[in-house]
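As a plain string of letters, each chain reads:
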Amino acid sequence: MAVIDSQIGGGLPKGAITELISPHISAGSASLIAALLQAAWSGRYFLALVDGRDSFDPHPLGNSCLRHLLWTRCTKPIEAIKAADLLLRDGNFPLVILDLVLNPAQELRKIPSTSWYRLQRLVEPTSTALLIVSRRSMVGSAQMKLVLENAWSLPTLEQANDLSRLQIRVQRSQMGERTIAQAEAS
Amino acid sequence: MFATIHVPNFYLQAVLRHQVPSPATAVGLIDEKNNKPVIIQLNPVAVTAGVLPGMTPSQGVGPMSQLVIKARSAAQEESTQEILLHSALP
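Residues numbered from 1 in each chain as written. Chains lettered and ligands numbered in written order. Predicted model: local features only at pLDDT ≥ 70, side-chain atom pairs only at ≥ 80, totals over all residues. Heavy atoms only, no water.

**Observations regarding the overall build of chain B**
Consideration 1: Of the regular secondary structure elements, chain B holds 4 helices and 3 strands.
Consideration 2: Dimensions along the principal axes, computed over C-alpha positions, put chain B at roughly 45 × 30 × 25 Å.
Consideration 3: By residue count, 33% of the 90 residues in chain B fall in the buried class.
Consideration 4: Taking all contacts inside chain B whose residues are at least 6 apart in sequence as the whole, residues at least 24 apart take part in 48%.
Consideration 5: Surface summary for chain B: the accessible area is close to 5700 Å², and the carbon and sulfur share equals 59%. (Helix = DSSP H or I, 4+ residues; strand = E, 2+ residues; numbered from the N terminus. Buried < 20%, exposed > 50% of the residue type's maximum accessible area, 1.4 Å probe, protein only. Contact = heavy atoms within 4.5 Å. Areas by Shrake-Rupley, 256 points an atom, 1.4 Å probe, with all protein chains shown as cover.)

**As for the sheet that holds strand β3 (residues 68-71) of chain B**
All names here are of chain B.
Consideration 1: Strand order in the open sheet formed by 3 strands is β2-β1-β3, and the pairing between neighbours is mixed. Of all strands in the sheet, those bounded by a partner on one side alone are β2 (39-42) and β3. Adjacent strand axes in the sheet meet at a mean angle of 35 degrees when their direction is disregarded.
Consideration 2: Taken together, the 3 bridges between strand β1 (residues 27-30) and β2 define a ladder with antiparallel strand orientation. (Pairing = 2+ DSSP bridges. Axes fitted to C-alpha atoms, helices over the stretch in contact; angles between N-to-C directions.)

**Examining the interface of chain B and chain A**
Consideration 1: Tallying the contact residues gives 11 residues for chain B and 6 residues for chain A.
Consideration 2: Summed over both partners, the interface of chain B with chain A buries about 710 Å², with 53% contributed by carbon and sulfur atoms.
Consideration 3: Summed over the shared surface of chain B and chain A, the result is 0 salt bridges.
Consideration 4: Taken together, the links from chain B to chain A amount to 7 residue pairs in polar contact (both at pLDDT 80 or more).
Consideration 5: Looking at the side of chain B that touches chain A, the element that brings in the most residues is helix α3 (residues 57-60) of chain B, giving 3 residues. (Buried area = accessible area lost by both parts, 1.4 Å probe. Salt bridge = Lys/Arg side-chain N within 4 Å of Asp/Glu carboxyl O. Polar contact = N/O pair within 3.5 Å; in protein donor to acceptor, adjacent residues only side chain to side chain.)

**Thoughts on the confidence of the model for chain B**
Consideration 1: Residues at a pLDDT of 70 or more form 99% of chain B, whose mean pLDDT is 92.
Consideration 2: When pLDDT is averaged over each element of chain B, β2(B) comes out on top at 97 and helix α4 (residues 74-88) of chain B at the bottom at 91. (pLDDT = per-residue confidence, 0-100.)

**Details of the environment of B:L16**
All names here are of chain B.
Consideration 1: Here L16 is to be found in helix α1 (residues 10-16).
Consideration 2: When the C-alpha atoms of L16 and I30 are compared, they prove to be 13 Å apart, with 14 residues separating the residues in sequence.
Consideration 3: Dropping the residues within four chain positions of it, L16 is found in contact with P21, V27 and K70.

**Observations regarding the packing of helix α4 (residues 77-90) of chain A against helix α6 (residues 113-123) of chain A**
Residue and element names in this part refer to chain A.
Consideration 1: Between α4 and α6, whose axes approach to 9 Å, the crossing angle comes to 15 degrees. Regarding the angle of α4 to α6, the classification is roughly parallel. Handedness of the α4/α6 crossing: left-handed. Contacts between α4 and α6 involve I81, A84, D85, L88 and R89 on the former and, on the latter, S115, W116, R118, L119, L122 and V123. (Parallel < 35°, antiparallel > 145°, perpendicular 65-115°, else oblique. Left-handed = near helix turned anticlockwise from the far one by under 90°.)

**Let's talk about the environment of A:R172**
All names here are of chain A.
Consideration 1: Tracing the chain through its elements places R172 in strand β7 (residues 168-173).
Consideration 2: Along the backbone, R172 and E19 are 153 residues apart, and their C-alpha atoms lie at a distance of 9.6 Å.
Consideration 3: In contact with R172, other than residues within four places in its own chain, are V139, G140, S141, A142, Q143, M144 and K145.

**Examining the pattern of salt bridges**
Residue and element names in this part refer to chain A.
Consideration 1: Counted according to the given criterion, the structure contains 7 salt bridges over all chains.
Consideration 2: K145 serves as the salt-bridge partner of E19, at 2.5 Å between the closest nitrogen and oxygen. Highlighted residues: E19 in strand β1 (residues 16-21) and K145 in strand β6 (residues 144-148), separated in sequence by 126 residues. The burial state of E19 is the same as that of K145; both residues are buried.

**Details of the pairing of strand β5 (residues 129-134) of chain A**
Residues and elements named next belong to chain A.
Consideration 1: Counting buried residues in β5 gives 6 out of 6 residues, a clear majority hidden from the surface.
Consideration 2: Here β5 shows no split at all, with A129, L131 and V133 on one side and L130, I132 and S134 on the other all buried.
Consideration 3: By the bridge criterion, 6 bridges tie β1 to β5 in an arrangement that is parallel. Looking across to β5, one finds that I17 is bridged to L130.
Consideration 4: Here strand β4 (residues 95-99) pairs with β5 via 5 bridges, running parallel. Across the sheet, the residue bridging to L98 is I132, located in β5.

Printed below as a string of structure tokens:
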């Protein structure tokens, strides 16, 4: 996806967790998920979306796009974590999205940090990219943390090609640090 | 002397004993303890729909999008076994 590629210097890392922080409403996380789905459709690969709050709206995407989606509808974060765990072990998806952006903060705080490390261990030996979308930073094992810096309004969404204006800031990238460390060591 | 009771799809039946699905529901059972959980037992609706043992849950929803995935439960298997033995040897 050109938007992500240009702003983070390449696609989402495989075999790693990327946390996408959407700090406020209308920051563009739903548009980004829709764009990832369209990319999956045009690239002819399958994508799994674990919907932590059963909030995904498939209607605007159309049936052809949805054929490439496994939509797991959950209501609680713990269910979503379990579903993501199962899908990562399933091993049939190049991209798994865990959307927890609308789950209440008090429920998310109950997720033990070991759960994130377990997901990291599961994704590490695979070629799957795990994207966790959240309201605030919480995934300690994320290799890359991205922050959406948008405040879109209705007029913005009515404009054509709104996704090209998506602003993503890289908050942390262990991948970059590793690359630098490797370069220094050599 | 001993007797054997053969219960087809015992693990699945143990799980469904207290959660009986509607007759039209396709159900597949996985063992979550496996590194790569695959479907190990199926009810007749799922078999008819083309779901096969050995498929992963995501592969299972290919032929049958309404497939319900259940996980094995050691506790329910144990209690079902006790009930069976009690019925067989009252």
